[in-house]
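Listed below, chain by chain, are the residues.
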Amino acid sequence: MINRRQFLRTASGFGSFALADLLAADTNPLAPKKPHFPATAKSVIFLFMPGGPSQIDLFDPKPELRKWHGKPLPASATKDLKLAFIQPNANAVASPRQFARHGQSGAEVSDLLPHIAKQADDLCFVRALHTDAFNHDPGELMLMTGAMQFGRPSMGAWATYGLGSEAKDLPGFVVLSSGTGPSAGANNWSNGFLPSTHQGTPFRGSGESILYLSNPDGVTRQMQRERLDVIRRLNEKHLRETGDAEIEARIASYELAFRMQMAAPDLLDLSREPKHLLDSYGVNHEPTHQYGLHCLLARRMVERGVRFVLLSHGSWDDHNDLDKSLDKNCRITDQPAAALIADLKQRGLLDSTLVIFGGEFGRTPMTQQQRPDINYGRDHHPNCYSMWLAGGGIRAGVTVGKTDEFGLAGIEDRIHVNDLQATILHTLGFDHTRLTFPFSGRNFRLTDVAGEVASKLLRRPPV
Amino acid sequence: MRGLPVLLLVASIAYGATDFNRDIRPILQARCMGCHGERTQMKGLRLDNREAALRVLSPGNSSASLLVSLVSGKEPKRSMPPGGPALSAAEIAKLREWIDSGAEWPQAGALTAPKVEEHWSFRPVQRPTPPASRNRIWPRNEIDQFIVARLDSVGWDPSPEAPRTTLIRRLALDITGLPPSPQEVAEFLGDNRPDAYERLVDRLLESPHFGERWARPWLDLARYADSDGYEKDYVRPHAWRWRHWVIEAINQDMPFDQFTIEQVAGDLLPNATIDQRIATGFHRNTLTNREGGVNVEQFRVEQVMDRASTTGTAWLGLTFGCAQCHDHKYDPISQKDFYQLFAFFNGAGELDIDAPLDGEMGPYLASLANYRKEREALLAQFKVGQHQPSWEARMKEARAFPGKWTDWDHALDALTKYLDNAMAILDTDPAKRSRKQTDAMTDHFLKNYHRVISKELWKELRFTEARKKLGELRQGFPALSEAPVIVEEAVRPSHILIRGEWKQPGAAVEPAVPGFLHAPPANADRSRLTLARWLVSPRNPLTARVAVNRIWQELFGRGLVRTSENFGRQGESPTHPELLDWLSARFMDSGWKRKALIKTIVTSAVYRQSSAARPEIEATDPGNTLLFRQSRLRLSAELIRDSALQVSELLYPAIGGKSVRPPLPKGVIELAYGTDAGWPESTGRDRYRRGLYIHFQRTVPFPQLMNFDAPDATVAACKRERSNTPLQALNLLNDPTFVEAAQAVAARVLRERSKGSAHERVDYLFQVSLGRRPNRTELETSAQYVRTQISAFEKDQASAVQLFPTALVGVSRAESAAWTALASALLNLDEFLTRE
Amino acid sequence: MRSPFRYAAFCLAGAGVLAAQLWSLKPIKRQEPPSVPGVSSPIDRFLRARLMREGLSPSPEASRTVRLRRLSFDLTGLPPTPAEVAAFLADEGPGAWERQVDRLLRSPHYGEKWGRYWLDLARYADSDGYRADRFRPHAWRYRQWVIDAMNRDLPFDQFTIDQLAGDLLPNPTADQRIATGFHRNTLTNREGGIDPEQFRIEQVIDRTNTTGTVWLGLTVGCAQCHDHKYDPISQRDYYRLFAFFNDADEDQMDAPMPGEMGPHLQARPAFDAKRQDLLVKSDVPRLQADWETQILEAATNPGKRLDWDHAFDDLRTDCEDGERILRTPAERRTRRQEKILTDYFVSNYSRVISQERKQQLKYDVLAKQLRELDATLPAISEAPILRALERNSRILLRGDYKQPGDAVQPGTLATLHPMNAAGARPNRLDLARWILSADNPLTSRVTVNRIWQEYFGQGFVRTSENFGRQGEQPTHPELLDWLATEFVNNGWSLKHLHKLIVMSAAYQQASMSRPELTARDPENKLLARQARIRLSAESIRDSALTASGLLAREVGGPSVRPLQPSAAGAKKWEESTGRERYRRGLYIQLSRTAPYPFFTNFDGPNGYGALCRRGRSNTPLQALNLLNDPVFVEAANALGVRVSSAPGGLAEQLDLAFLACLGRRPGDDERQWLTAYWKSQPEATAWAQTASVLMNLDEFITRE
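Residues numbered from 1 in each chain as written. Chains lettered and ligands numbered in written order. Predicted model: local features only at pLDDT ≥ 70, side-chain atom pairs only at ≥ 80, totals over all residues. Heavy atoms only, no water.

Let's shift gears to the nonpolar core. Grouped together as the largest cluster of nonpolar side chains are 227 residues, with contacts concentrated most on L47 and W388 of chain A together with W118 and W452 of chain C. Ranked by residues supplied to this core, first place goes to helix α13 (residues 322-346) of chain A with ten residues. Counting 118 residues, the second largest nonpolar core, distinct from the first, contains L151, V304, W315 and L517 of chain B. (Core = buried A, V, L, I, M, F, W, Y, C linked by side-chain atoms within 4.5 Å. Buried < 20%, exposed > 50% of the residue type's maximum accessible area, 1.4 Å probe, protein only. Helix = DSSP H or I, 4+ residues; strand = E, 2+ residues; numbered from the N terminus.)

What follows is the structure, encoded as structure tokens:
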């Protein structure tokens, strides 16, 4: 196939394009593209909670466990259960949390998440999610890239690959990370085998927000511009000599880079955000400051047309002292996440922005310790766990899926993470089986060889 | 020992009794005419006609002939000839035979001093066609045709080809200086392709160890060392840079003409690269005398003389040194010729330049600013700025009015001695001095200020402490490597120095090449560059012959001209003149490529011959001048060490780099007088580097090297002796390096044949250390030896542990000690020390 | 769990062409090159004939400067130095080009360039991957072996045998065993609670798939769960292949580098004594023995005592080779095994004893002492290798290790040529020989194709990782086959192949695009011109270091960690000091979860799987990287110093800067612009800025 860049050149002779056109034209691989069918979401904010938050203490109450507290669960329920650290016959432990029903929808949320609870009617709770991996790296990869093997593109990369980006001065896929960071690290926002244009650009919590964004010491903005001008002039000359369109793209990249240097500071400049809003995010208050800041930045990026924001906070891997550390993580994330929903909604952005809150898997009803009462914790649990979604064409104020009385397995509306991915792509306007990339001999896709759109989550199910 | 005369002998086998023209004339011509011919008659004696010669001849009675007693050393005080090797037994025999048979001297036989241009080595290089030979099978290339033709003339056959195991070891040692590994041997034996041998040669020529092996003879010629020599014998921290250059140049097969030009005049090439300047380090190897009282100018002159004569020896194979004080006795080199050559070098000065190695620039630049800052701070802290300027001023005064202030005179003397180019720096405005110059001057000042001030003030200034701190500071920061080079620093008028006395200048001379050789192009200037180009001009009859002859010498143990140091008329004539010319011509025609030349030689049948002695003819040609076999050559000092380290896998085979200091037997360094160096022993793997990297302290040369005839690096050494002394035996048996080697060889065999039987281990041990498998007897004896050793060591654990201190898993102490003993035995075999 | 029908669904998708017999499996046919008047090189004759048929003409020879720069990058990964350019321009004699080719083929940097190409395929990395992503201190020994093998032009057949089965050769040399490190580049998961068997299987699967991709150019991996839908590979086939690697385990060997043995042997006796003394003083021998029995107990029947279960679990995951050592009787443990286990015991005993006991034993102190003692012993390099054993392999249903099916023997793909094994049970050595068999149509084609790809930006078969039905057809089948046979007939010599290619006119022609071509052959499949190829991540960095004179050129050695502005997700990165920071890119430590950002930015490898061709993306982050990354700022400054301290005036200095960066002199307008720019800058930084301009040009990061 003859790609458009070459077509352009043959059509009009090379070098004759103004840079503006070049950026609009597909020398910029991030130029906006049309999806398969009309999208309900333009952007995605993934509030990623690596480590595996305990659904049993947050979203999926299991009063039944009180009966079994400190005792092994019935063998019938635990047979052929394969867990990371503990044997199936470990002692069960009930959740000490208080659950109440919230909003008209009456969603059950534990007392650890008071703010999110207030937004219950805007959220869609998913309870019978399941995955194939009971360890962090494979689990995170499964969730973010659709397969347990390394080297696959993350869903953010797929999104920009499919849709390009509306942001002229910013990358299309941005990553913000706080806490200990996800265990699979950069693989969670890797471009895999897609062109590296699509890899997530990590904005850093502290210091320079983008790597190499600021000029070397002693190089003023003015000098930088002069430098770029002479570089461009020489590049253009060489372009005329060689007629290689790659040089056009190179020039374009340098220009975007320069604009990013201009735009990023503006993005980070919160001076024009009103105090009450900052307070609602918990910015300038502990323990919410950094995460609040990230949530706020996420909104500002979405406003500026960034396609996919991966906002990771962790770790929620509470093998012991679950009470304490779960409480800590909730205090950090609850208020900012809730504020983000409210803020998006108030600005009318929620309809076009899909927000997802959750981790790679859940946690077991059993404890890892001998005794349930002393600093107990829970093991990894892939067979059923919870998340919530909001906006971007997702039904609001519903709870989808049901798990058994112990929280060992889903029994209604089970949704595999590949299904979740299929659904996310659907909100972005894609048929997940048709958004593919040819690599090492076959067409790869986010949902690997599986995935079905979970219609129950959608405001307008596919016909 | 024997060259020409044996040919005479051989010839007489062929043609019968003595004949004046054939047998006697050449002797007189070559060995006597220099002083007793038409031109000169020392002691009034001339031997160019019978009448005159009768003064020393009693026809019919050789015993009564003074000539005979003179040349046969019966007159110790007056043994003749004075220069060059003594007459050989064979020559004397000829003379006696001739005199006894009446000293018959044909009328036409008057000898005339042969004209210069008649001397073979001054004649242009010929391009002879290889003689056809009746032996059609044996020859592999042209070389063999020349050789076999000579052998035919006496009816001898060449020797058969050596066994493959011998061939690969011979090649490996001759080309890389390292014995082959068992794998390499196996590969070669298993390679049945017709060109297996050539492939092996190519592979070895590509090895980076080639440069190390072939740099060494050149270092000998360049009298390379890591210290000044003389009383003070200061260490030369940068000398190795030139050695490094040689190794790389040879590895890259830099053509010999370029190799020459860059070393003689690299600095004069248009925008010379750093490497080309480093090449001029060749002439920085002259000794440096920093003794008190030596006059700097006198010493400079001595260095220039040394450079002139070294150039003569290294490239022309002529003993120019002789013409330093008077016209050359035997060769047409006038004293004028010498000082004209001298004049080429008279303008040259010494300089150490920054010559960063790969990877040095980064750390250096990264830390430079800080270093300067901290250094300035220190100097300020010790108020150096308040004293140095006045001190420099006084130095200038002292120079202007010598003898006025004694202590300042001494201080000035010290300045000129210890700080290179001191006067030049002193005369440069401090603001205009290079960073190096500034630091050098300050450092010298800090070290020597005490010479001119009171003890009290010296104490008060605490400069010693300052120097210590500056030293530590320098240690802490990455520096750039430096290199000693030659620069054209001044135009100095040159004169003939009467009797070589620097204080007795005679007639002025201009730079010029010896008159009896071809002239440089008319339009050429009188720079060193012209000299360099002249040396390698295709019209130069000597350079190529000399170079080729020395390469031949490395590969056969002796040159086609045995006196590889002297191609003059006192030297011997080539045993195969046509071959020498053929090779020289080919060398030049094919772009002066060392590797090509070596390949041609080692792929010849004559090189590939067995070195086994041939009793039936050894006696007739004891020197093997006709090359009827290869030679067994004892390895050079360095190669013996290298081999031991190689087979034991102790060798750290890094190429090039700084010199190292392996452990030195106690008491050696203490012998050194004056040297401030000491012997900071190298640690870790630097102790296991090849011999040519061992730091060469001229006044305290490394004993193992000297035991095995390494040259002392005072004058150009053109060939090495191969002595055989008991010291050598002791050296190999007890030198820690060789003991360690034996242990490691044992460890290697026990590791790599951990499951093997005693016989398998012996077998492998032979392959490892000798590159061949043992024969049945060797196998049995060795196995038996190990058995007895084991039982011995079992009774004497203590010695076992001493002999092999490292406990190995699954091997008893006694066992490992026993194998060490056997390994040590093999490493002491003559076969191990010999290239066969 | 997933339902089987899902797979069915996937497999039907696009499962179109099963009919036609696969071209790549047909035997190689060597056709003599068509005769083309005035063209001698066989390669050119094939290409030219094709072009003539298409009515196209090749491009003229590229300028000498372009060609030398091209050749230097392609053979050594480094740009030519100004001196080398000058030498080539000055060499008017016939055979000047060939002299350059031979010089560069002899350069030790050749092994670095082509070693790196192989390391991509070998999914080389310096860390485990996964959460722990533990550093692999000895991985570099394999890299070293590859570089050496390339430099001495180890024939590709031997090269293959050594890597797949070096350990099975009679009396293998250390090098041959180190070569098996090829399959030690698989990832290792040390996460708590993983089932070691599951990940052992995953590793074996990775070894199988990688072998398939690297030597056969087939994605056998698909057959792991079901019969391959596109290529004739049955699931049984797959697990027969799998069985070869199931018959191998990981191992570690002492592999002293030259020069290491001496110091080590010297220090050894004293060290052994001291260590033994320390251990005995702290009663280690007795306590360790007891600890071992306890753990073994927990291992045999788990679930009894949680703490000992954990202890065993930790041992298996945290302790290199821990379980195997534990199960080896003490007297049969090698010195290394013994040490590993004891060291592990000393630092982990505390996990199973009371606080009080911990207080009194003070093993933390002992551990420290032991570490300090270790530091005093001159180390011997080690190497990760494979060792052979026998396992009963079974087909794994849906690739699930918990669902074993029929038993299988080691064996090869039924659709390919038969294997004649030496012994009753075929082993990796037989596999290697089978791969190299004259009847195998794939390996030589696949290899030649990938090498061609390096020279022209794309292979004859552009899907160089896949010669199966999902792959593309070759553009020049006859030439591909001719080169394949040429390669084999010349003793599998890579250098011979390289020379053959770079001596061709096709390789030496200009890369400028030609409008008429762009229309006719937009993807330049017919090679009527050379390709402009963006340099690899490593080469870009190497070029900057070379041009600025900062490069530390020594070849080989352990990995280095140059300055790295802390990037998101970066694990511990203890910066190298001094010259180490200026080594070539291929020596930079590759941590799988935190790769060197610059490399990620320029499509460098991530070490997760065989990488058959590099991406060549073009992003704004790259621009920022080259403009502002301290490494490049440093390079620009250094080049500034180099240029400004060079003799001559501004003109000569600008020439030098151009020669150093682009291997050519500036054109008039370039000279004029840069002079103007230079003058416009503050004097102190003018040269550094100008240097940085040159290093940011598209031409600088492109091989033309």
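The structure having been displayed, the exposition proceeds.
This paragraph deals with the arrangement of the chains. Comparison of the two pairs of chains in contact shows the highest number of contacts for chains A and C. Between chain A and chain B there is no contact, and the shortest C-alpha to C-alpha distance separating them is 15 Å. (Contact = heavy atoms within 4.5 Å.)

Residue and element names in this part refer to chain A. Among the six residues of strand β1 (residues 43-48), six are classified as buried, and the element is accordingly described as predominantly covered. Of the pairings in the sheet, the one linking β1 to strand β7 (residues 308-314) comprises five bridges and is parallel in character. For F48, the partnering residue across the bridge sits in β7 and is S312. (Pairing = 2+ DSSP bridges.)

Moving on to the interface of chain C and chain B. At the junction of the two partners, chain C supplies 25 residues and chain B supplies 28 residues. Carbon and sulfur atoms supply 63% of the area buried between chain C and chain B, which totals about 2100 Å² over both sides. For the pair chain C and chain B, the interface holds two salt bridges. For R106 of chain C, the salt bridge goes to E206 of chain B, with nearest N and O atoms at 3.5 Å. At the junction of chain C and chain B, the tally comes to five residue pairs in polar contact (both at pLDDT 80 or more). Secondary-structure elements contributing two or more residues to the side of chain C that touches chain B are α12 (261-281) and α28 (630-644) of chain C. (Buried area = accessible area lost by both parts, 1.4 Å probe. Salt bridge = Lys/Arg side-chain N within 4 Å of Asp/Glu carboxyl O. Polar contact = N/O pair within 3.5 Å; in protein donor to acceptor, adjacent residues only side chain to side chain.)

This part is about the packing of aromatic side chains. Overall, the coordinates contain 77 aromatic pairs over all chains when judged by the stated rule. Between W118 of chain C and F156 of chain C the ring centres are 5.9 Å apart and the planes differ by 85°, which places this aromatic pair in the edge-to-face class. Taken together, the residues W118 of chain C in helix α6 (residues 108-121) and F156 of chain C in helix α8 (residues 156-165) connect sequence positions 38 residues apart. An aromatic cluster is present here, built from W218, Y224, W242, W245, F256, F259, F282, W315, F587 and W592 of chain B joined pairwise through their rings. The side chain of R64 of chain C reaches across the aromatic face of F88 of chain C, ending 4.4 Å from its centre. Geometry around Y507 of chain C places R70 of chain C over its ring, the cationic atom sitting 5.8 Å from the centre. (Phe/Tyr/Trp six-rings, centres within 6.5 Å; stacked < 30°, edge-to-face > 60°. Lys NZ or Arg CZ within 6 Å of the ring centre and 35° of its normal.)

This brings us to the packing of helix α12 (residues 289-303) of chain A against α13 of chain A. Residue and element names in this part refer to chain A. Taken N-terminus to C-terminus, the directions of α12 and α13 make an angle of 20°; their axes are 8 Å apart at the nearest point. With respect to α13, the axis of α12 lies roughly parallel. Like other packed secondary-structure pairs, α12 and α13 cross with a definite hand, here right-handed. Residues Y291, G292, C295, L296 and R299 of α12 form the contact with α13, whose participating residues are I332, T333, P336, A337, L340, D343 and L344. Among the residues making up the contact of α12 with α13, the classes are represented as eight nonpolar, two polar and two charged. (Axes fitted to C-alpha atoms, helices over the stretch in contact; angles between N-to-C directions. Parallel < 35°, antiparallel > 145°, perpendicular 65-115°, else oblique. Left-handed = near helix turned anticlockwise from the far one by under 90°. Nonpolar A, V, L, I, M, F, W, Y, C, P; charged D, E, K, R; others polar.)

Residue and element names in this part refer to chain C. Tallied over the entire structure, the rule returns 158 salt bridges over all chains. In this structure, R614 engages E538 in a salt bridge whose closest nitrogen and oxygen atoms are separated by 2.9 Å. Taken as a pair, R614 in the loop between α26 (597-601) and α27 (620-628) and E538 in helix α25 (residues 537-548) lie far apart in primary sequence, 76 residues in all.

Here we take up the packing of helix α3 (residues 64-76) of chain C against helix α5 (residues 96-106) of chain C. Residue and element names in this part refer to chain C. Orientation of α3 relative to α5, taken along the N-to-C sense of each, is 25°, at an axis distance of 10 Å. Here α5 runs roughly parallel to α3, going by the angle between their axes. Crossing of α3 over α5 shows right-handed handedness. Where α3 abuts α5, its residues R64, R67, L68, L71, S72, L75 and T76 lie against A96, W97, Q100, V101, R103, L104 and L105. Taken together, the residues of the contact of α3 with α5 break down into eight nonpolar, three polar and three charged.

Note on interface size: it is often stated as the accessible area lost on association of the parts. Taken together, the 81 residues of chain C in the interface contact 82 residues of chain A. Counting each side, the surface lost to burial between chain C and chain A is near 7000 Å², with a carbon and sulfur contribution of 58%. K237 of chain A is paired through a salt bridge with E670 of chain C; the nearest N and O atoms lie 3.8 Å apart. Those elements that place two or more of their residues in the side of chain C that touches chain A are α1 (4-12), α14 (306-318), α24 (515-520), α26, α27, α28, α30 (668-680) and α31 (683-695) of chain C. Residue contributions to the side of chain C that touches chain A peak at nine residues, all from α27 of chain C. Considering only residue class, the side of chain C that touches chain A consists of 34 nonpolar, 27 polar and 20 charged.

Let's shift gears to unusual backbone geometry. Cis rather than trans, the peptide bond between E286 of chain A and P287 of chain A has omega equal to 0°. With an omega of 10°, the peptide bond running from G314 of chain A to S315 of chain A counts as cis. Tracing the backbone through its elements, the reader meets S315 of chain A in the loop between β7 and α13. The phi dihedral of R223 of chain B falls on the positive side, at around 40°, and the residue is not glycine. On the secondary structure map, R223 of chain B appears in the loop between α11 (209-221) and α12 (240-251). Positive phi, close to 40°, is recorded for N171 of chain C, a residue that is not glycine. Within the fold, N171 of chain C resides in the loop between α8 and α9 (174-179). A relative accessible area of 55% means that N171 of chain C is categorised as exposed.

Here we come to the side chain of T625 of chain B. Residue and element names in this part refer to chain B. Within the secondary structure, T625 is located in the loop between α29 (615-618) and β5 (633-634). Given the relative accessible area of 0%, T625 is considered buried. In this structure the side chain of T625 is engaged in a polar contact, spanning 2.7 Å, whose partner is the side chain of D621.

Residues and elements named next belong to chain B. With respect to the helices, strands and loops of the structure, L626 is situated in the loop between α29 and β5. Assessed through its relative accessible area of 0%, L626 is described here as buried. Sequence separation of L626 and P158 is 468 residues, and the distance between their C-alpha atoms is 9.3 Å.

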